[in-house]
Amino acid sequence: MSSAILKPLPRWADVVLLPILNLALAFIVSGLVVLAIGQDPLAALNAIVTGAFGNGYNFGYTLYYSTNFMFTGLAVAVAAHAGLFNIGGNGQAYIAGLGVIAVALPLQFLPWWITFPIAIVAGAAVGGLWGFIPGWLQAKRGSHVVITTIMFNFIAAAIMVYMVVNVLKPAGILAPESAMIAPEGRMPKLGAFIPWFKNTDVNFTLVLALVCLVGAYILIWHTRFGFAMRALGQNPTATRYAGMSNSRIIMIVMTMSGALAGMVAVNQVVGVQYRLVLDYVADAGFVGIAVALMGRNHPVGILLAAVLFGALYQGGNELQYVIPGLSKEMVVVIQALVILFTGAMEGLFRPGLQRIFMTLSPQQKAGAIEANSVKSGS
Amino acid sequence: MDLGLVLSTLDATLRLSTPLLLACLAGLYSERAGVFDIGLEGKMLASAFAAAAVAAVTANVWLGLLAGLAVSITTAGLQGAAAITLRGNQLIAGVAINMLAAGLTTFLGIQWFGQGGRTPQLPVSGRFQNIDLPFANELAGVPVVGQIYSELISGHNILVYIAFLAVPITWWVLYRTRFGLRLRAVGENPKAVDTAGISVTRLRYQAVLITGFLCGLAGAFFSIAQGSGFGNNMTAGKGFIALAALIFAKWKPVPAMFTCLLFGFLDALQIRLQGTSIFGVGVPVQAIQALPYILTVILLAGFIGKAVGPKAGGVAYTKER
């Protein structure tokens, strides 16, 4: 009966079954697209999986992409817990590069383990500022954080082009990029510790990403502030009556969110590119939305979803070499469908699943039998 | 600056503001009905690709336009299904649509045409040609008025005229028809509309489909009117500038036109100013590029005026049972 009140899903179904169903649907639809253009979807899937996990080299690149997605996924998730939709991960990750390069170049001859924490702080400060301003505008001026962060993405892009081309580009170089960081100041690649990864782009920043995941878990569920921000996300009126400052929470959360997104700059600038280039974010901020949605805003989920999307990106890169004609944009399609199904079309599976679980649950069965017997008795 | 230079800059302004205006009016219908739409960009991109692909294959501009409209309206329908029927998050639906369009257009473009995502160059019959209005040539000799008529007003493609015609039509629909009244009401207070026995769902779908139609026109403008073929991500964030313009215009059609003209003018100015300086000071083109976004942020924050959107915007309507 449609008017019956549906009970919430059991937790495991909510965090495991539903995302898997949505992911499966996204893969099926993408598979149909591949089929429609006359290619073999299973061969494509095989190419993606092999390309992502086939050997240490491929897996290293998968982890490199995952590192970025862990940061942007966390950025979206932290904001989401406070009821805020930070769509500005791209801009925050991008502009943070200014902070990172500003400390990495002067300190380039110091050992990396000195540069690294300073680069983190600088990246977090600039990325955090780019999150703080929309947060402040929402808290104090009432402008919607979604619109402001979209605008900030574009403003960041304009600033970065100007800074790289007019300020950071050394004379005599044609490409729009900053000077190179000396080898001493570069983040060691994980291949230096674990030879299996060879010389892939995955670097020490992955450790930072894992630390951030753990840190976010503690912050969200085991601190007073985490409780306050979750309460704000659930019911802003309640937090206000409880004497918390909603605007203060919003500003802090958006700053943290921006700082987390800013860590992408650490990975890219001192970990991979060793210089500031244009457009290095490559829409990682948007992937973060998919990661957070898939991962149910939980660090464990985000870790898994980030590896999944890292694998899709790396596998997608390999795909075009294995099957000519299938380009890596296939991955963007899969990712868009994941966002569509897990984020916007959640209503597709949830009510049906809830009904199934209700009919399967023992109490419900007992209730139904009772109702039947009453009916037959009358 | 002589008149010729002014006229050519204004001429470019008209051309550059056309897709903004179409997309802005598109967003206006949807948002006035209470459905936030950050997927304008995606629908335009999808339409631009479909229009160029069909026009390239059939060499018929009208079939191209139809294809663009059909794809954009279908996409809008999908977004509507997510936002209205399934009561999903409207913002996330928009993000998904943008990403889907960016991925699919490139993917299918590479697959079908094998030119790195571009569609083949369109033949003359596959593009909207510029229309010379009556007496444009005869009046060109008349100083000022004649020049303005022949150089500025005449000689655009049909979509430019449609875009500017859509402004009074939208105004009339919104403020002078029963549909418009209901549309505005459903964005402010859907419950009241529902109580009056009018279907909120139906109204919102109508609005979203009109949005799809106008985005379709805007997208087609990029690939089969202004350009002659589709290129990767050719809408280049214009959907978001249109969104900014919509907020800047406080969700009203006539101010929307002026805002789009202003943003179009900034764009034209930015192209003109590449490598030049004003009053001896080099103004970075990036500053002018970022100006629409900065202005919108400032306006939204209430530092100059105040932009308040439709009250029920972004919230799915749940009918009581």
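Report on the accompanying structure. None of these values were measured; they are calculated from a predicted model. (Residues numbered from 1 in each chain as written. Chains lettered and ligands numbered in written order. Predicted model: local features only at pLDDT ≥ 70, side-chain atom pairs only at ≥ 80, totals over all residues.)

### Regarding the interface of chain A and chain B
- Contacts between the two partners involve 39 residues from chain A, matched on the other side by 36 residues from chain B.
- Among the elements of the structure, α5 (112-141), α6 (145-168), α11 (284-294) and α13 (329-344) of chain A are those that each provide at least two residues to the side of chain A that touches chain B.
- Per-element tally for the side of chain A that touches chain B: the top contributor is α6(A), with twelve residues.
- When grouped by side-chain class, the residues that make up the side of chain A that touches chain B number 26 nonpolar, ten polar and three charged. (Contact = placed C-beta atoms within 7 Å. Helix = DSSP H or I, 4+ residues; strand = E, 2+ residues; numbered from the N terminus. Nonpolar A, V, L, I, M, F, W, Y, C, P; charged D, E, K, R; others polar.)

### A closer look at unusual backbone geometry
- Phi is positive for D283(A), which is not a glycine, with a value near 65°.
- Under the C-beta neighbour-count criterion, D283(A) is labelled partly exposed, with 16 such atoms within 10 Å.
- A positive phi is found at K250(B), a non-glycine position, where the angle reads about 55°.
- Along the polypeptide, K250(B) turns up in the loop between α11 (238-248) and α12 (253-273).
- Accessibility expressed as a C-beta count within 10 Å gives 15 for K250(B), which makes it partly exposed. (Buried ≥ 20, exposed ≤ 12 C-beta atoms within 10 Å, placed from the backbone.)

### Topic: the packing of helix α3 (residues 56-81) of chain A against helix α10 (residues 246-273) of chain A
Residues and elements named next belong to chain A.
- The geometry of α3 relative to α10 is characterised by a closest axis approach of 8 Å and an angle of 175° between their N-to-C directions. Here α3 lies roughly antiparallel to α10, going by the angle between them. Each of T67, N68, F71, T72, L74, A75, V78 and A79 in α3 lies in contact with α10, whose residues at this interface are V253, M254, M256, S257, L260, A261, M263, V264 and N267.
- Along the lines of polarity and charge, the residues of the contact of α3 with α10 split into twelve nonpolar, five polar and no charged. (Axes fitted to C-alpha atoms, helices over the stretch in contact; angles between N-to-C directions. Parallel < 35°, antiparallel > 145°, perpendicular 65-115°, else oblique.)

### Regarding the packing of helix α3 (residues 61-85) of chain B against helix α10 (residues 200-226) of chain B
All names here are of chain B.
- Look at α3 against α10: their axes get within 7 Å of each other, and the N-to-C directions meet at 140°. You can see that α3 and α10 cross each other, and the crossing is right-handed.
- A per-class count over the contact of α3 with α10 returns 13 nonpolar, twelve polar and one charged. (Left-handed = near helix turned anticlockwise from the far one by under 90°.)

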